[in-house]
Amino acid sequence: MPTVSNFPTSPEAGGVATLPDTVTTVAVPGRDADSSPLVKIRSLLPGLARAEQRVAKVVLEDPSSVARRSITEVAQSANTSETTVTRFCKAIGVGGYPQLRIALAADTARSEARSTRNLGGEIGPGDDLASVVGKVSFADARAVEETADQLDVNTLQQVIDTLAEAGRIDVYGVGASAFVAADLQQKLHRIGRVSFAWSDTHIMLTSAAVLRPGDVAIGISHTGATTDTVEALRVAREHGAITVSLTNFPRSPVTEVSDHVLTTAARETTFRSGATASRIAQLTVIDCLFIGVAQRHMDDAVSALDATRDAVGSHRLGVRPDGRRRPRETGK
């Protein structure tokens with residue numbers, strides 16, 4: 001019998017504004033007034049000066065508290081000056097500290113309201129774009145939260161242990177699941193694990209036929225009924241490989257050919273069947289698997305990640321994410 005994570009079995013159907021010298025902010029007409037300052041802070045964080053990054057981390061750790069505190073208190077918490085806090089505010093495009101407090105207070109109120117409302121998943125032809133954005137983002141966020149809540153940690157640990165010791169890892173997925181399979185393969189490959197991702201039926205089957213005991217085959221299918229993926233896992237299992245499936249439905253056909261079953265909790269609805277919220281939920285589980293395997297081989301994983309980062313470093317432009325140029329290397 002496969003080990004299965006616990007999930008219910010019934011499916012449910014702009015303009016650019018430049019501030020003096022080093023600071024650049026981007027404004028999107030019609031969106032900035034309602035957008036979360038925390039999202040902007042996270043996106044700009046890598047390009048901030050170190051002292052500004054400390055302020056950012058204080059804000060991100062407890063935004064509702066910062067909304068009630070004085071600029072002096074925030075500066076002290078970040079071990080910096082009030083001037084730096086003001087500079088940070090300008091860097092993220094809110095003008096000054098009073099404006100930041102207002103934005104954080106408004107964002108906190110929106111977050112509290114969002115946590116108690118249910119936008120529903122069905123998108124109708126008469127929905128305006130704002131409603132569509134709200135419904136899509138709500139469904140995706142819910143998919144991630146509910147997937148994490150229902151994921152069986154013991155099963156996840158068993159799969160991580162298996163992957164960490166595998167001689168070879170083959171990942172199967174077709175359609176939207178093929179992108180998730182490729183993401184897992186790329187992550188494992190970056191930390192030195194021998195892995196392959198296949199989406200063509202014939203190649204999946206020939207790949208499965210050459211697997212041996214000690215190898216692992218992972219099949220990704222939201223419905224769990226994709227014949228290509230089910231057949232590939234069956235062949236892999238017949239040749240002695242350990243099989244793992246990632247699906248939304250723990251009683252679907254793919255689980256019958258799986259030694260371990262991991263489940264997601266995505267609810268696909270109108271215009272979104274099998275391709276959107278399910279992908280976000282699948283990627284959540286994939287990230288957990290990757291990090292778990294990396295932890296098992298921490299030193300090797302860190303070395304491999306450093307090596308791969310250095311290998312592609314020359315193909316990145318010498319600018320910070322906020323548009324400011326990086327300082328030249330001085331050798332110091």
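Residues numbered from 1 in each chain as written. Predicted model: local features only at pLDDT ≥ 70, side-chain atom pairs only at ≥ 80, totals over all residues. Heavy atoms only, no water.

Caption draft 1: View of the pattern of salt bridges. Taken as a whole and assessed by the stated rule, the structure comprises 11 salt bridges. A salt bridge links Arg234 to Glu238; the nearest nitrogen and oxygen atoms lie 2.3 Å apart. Taken together, the positions of Arg234 and Glu238, both in helix α11 (residues 227-238) and 4 residues apart, correspond to about one turn of that helix. You can call Arg234 partly exposed: its relative accessible area is 30%. Since its relative accessible area comes to 53%, Glu238 is described here as exposed. Within the structure, one salt-bridge network assembled from shared partners comprises Asp161, Glu165 and Arg296. (Salt bridge = Lys/Arg side-chain N within 4 Å of Asp/Glu carboxyl O. Helix = DSSP H or I, 4+ residues; strand = E, 2+ residues; numbered from the N terminus. Buried < 20%, exposed > 50% of the residue type's maximum accessible area, 1.4 Å probe, protein only.)

Caption draft 2: View of the packing of helix α8 (residues 153-165) against helix α12 (residues 277-296). Orientation of α8 relative to α12, taken along the N-to-C sense of each, is 55°, at an axis distance of 9 Å. Judged on the interaxial angle alone, α12 and α8 are oblique. Helix-helix and strand crossings are classified by hand; for α8 and α12 the assignment is right-handed. In this structure, α8 contributes Leu156, Val159, Ile160, Asp161, Leu163, Ala164 and Glu165 to the contact, and α12 contributes Cys288, Leu289, Gly292, Val293 and Arg296. Its residues placed into classes, the contact of α8 with α12 shows 8 nonpolar, 1 polar and 3 charged. (Axes fitted to C-alpha atoms, helices over the stretch in contact; angles between N-to-C directions. Parallel < 35°, antiparallel > 145°, perpendicular 65-115°, else oblique. Left-handed = near helix turned anticlockwise from the far one by under 90°. Contact = heavy atoms within 4.5 Å. Nonpolar A, V, L, I, M, F, W, Y, C, P; charged D, E, K, R; others polar.)

Caption draft 3: Main features of the confidence of the model for the chain. Looking at the chain, the pLDDT average stands at 83 and 79% of residues meet or exceed 70. Note that residues 6-34 has pLDDT below 50 and, in this model, 48 contacts with residues that lie over four places away or in other chains. (pLDDT = per-residue confidence, 0-100.)

Caption draft 4: Structural detail: the pairing of strand β7 (residues 242-247). Among the 6 residues in β7, 5 count as buried, and that is most of the element. Note: strand β6 (residues 216-220) against β7, 5 bridges, orientation parallel. Directly across from Ala217, in β7, lies its bridge partner Thr243. Note that the unit made of β6, α11 and β7 has a crossover that is right-handed. (Pairing = 2+ DSSP bridges. Right-handed = clockwise from strand over helix to strand, strands pointing away.)

Caption draft 5: Structural context of the environment of Glu146. Examined against the element boundaries, Glu146 turns out to sit in helix α7 (residues 129-150). Distance in space between the C-alpha atoms of Glu146 and Ala266 is 7.8 Å, their sequence separation being 120 residues.

Caption draft 6: Spatial organisation of the nonpolar core. In this structure, Leu163, Ile169, Ile218, Ile220, Leu262 and Leu289 are the most contacted members of the largest nonpolar core, which totals 26 residues. For this core, the elements supplying multiple residues, two or more each, are α8, β4 (169-172), α9 (176-190), β6, β7 and α12. Looking at this core element by element, the count peaks at 6 residues for α12. With sequence-adjacent residues up to four places away left out, Ile169 is seen in contact with Leu163, Leu188, Val194, Ser195, Phe196, Val216 and Ile218. Counting residues in hydrophobic clusters, the runner-up holds 23 residues, among them Leu44, Ile71, Val74 and Ala75. (Core = buried A, V, L, I, M, F, W, Y, C linked by side-chain atoms within 4.5 Å.)

Caption draft 7: Representation of unusual backbone geometry within the structure. The residue Asn79 is not glycine, and still its phi comes out positive at about 55°. In this fold, Asn79 is placed in the loop between α4 (71-77) and α5 (82-91). On the basis of relative accessibility, which here comes to 62%, the residue Asn79 falls in the exposed class.

Caption draft 8: How the structure looks around helix α10 (residues 201-209). Buried within α10 are the following residues: Met204, Ser207 and Ala208. Down the axis of α10, the sector holding all buried residues measures 95°, keeping them to one side. At the N-terminal boundary of α10, the capping side chain belongs to Asp200, with an oxygen 3.0 Å from the backbone nitrogen of His202. (Arc of directions from axis to C-beta. Polar contact = N/O pair within 3.5 Å; in protein donor to acceptor, adjacent residues only side chain to side chain.)

Caption draft 9: How the structure looks around the packing of α7 against α12. At a closest axis distance of 8 Å, the pairing of α7 and α12 adopts a crossing angle of 35°. Where α7 crosses over α12, the handedness of that crossing is right-handed. Each of Ala139, Asp140, Ala143, Val144 and Thr147 in α7 lies in contact with α12, whose residues at this interface are Ala277, Ile280, Ala281, Thr284 and Val285. Tallied by class, the residues present in the contact of α7 with α12 amount to 7 nonpolar, 2 polar and 1 charged.

Caption draft 10: Geometry of the pairing of strand β8 (residues 260-263). Residues His260 and Leu262 point to one face of β8 and Val261 and Thr263 to the other, with burial holding for every one of them. With 4 bridges connecting them, β7 and β8 associate as parallel partners. Opposite Thr247, over in β8, you have Thr263 as the bridge partner.

Caption draft 11: How the structure looks around the environment of Gly224. As for its placement among the helices and strands, Gly224 is situated in the loop between β6 and α11. On the basis of relative accessible area, Gly224 is assigned to the buried category, the value being 0%. Taking C-alpha positions, Gly224 is 8.0 Å from Pro250, a pair spaced 26 residues apart along the chain. Residue contacts for Gly224: discarding those within four places in its chain leaves Val230, Thr247, Ser252, Pro253 and Val254.

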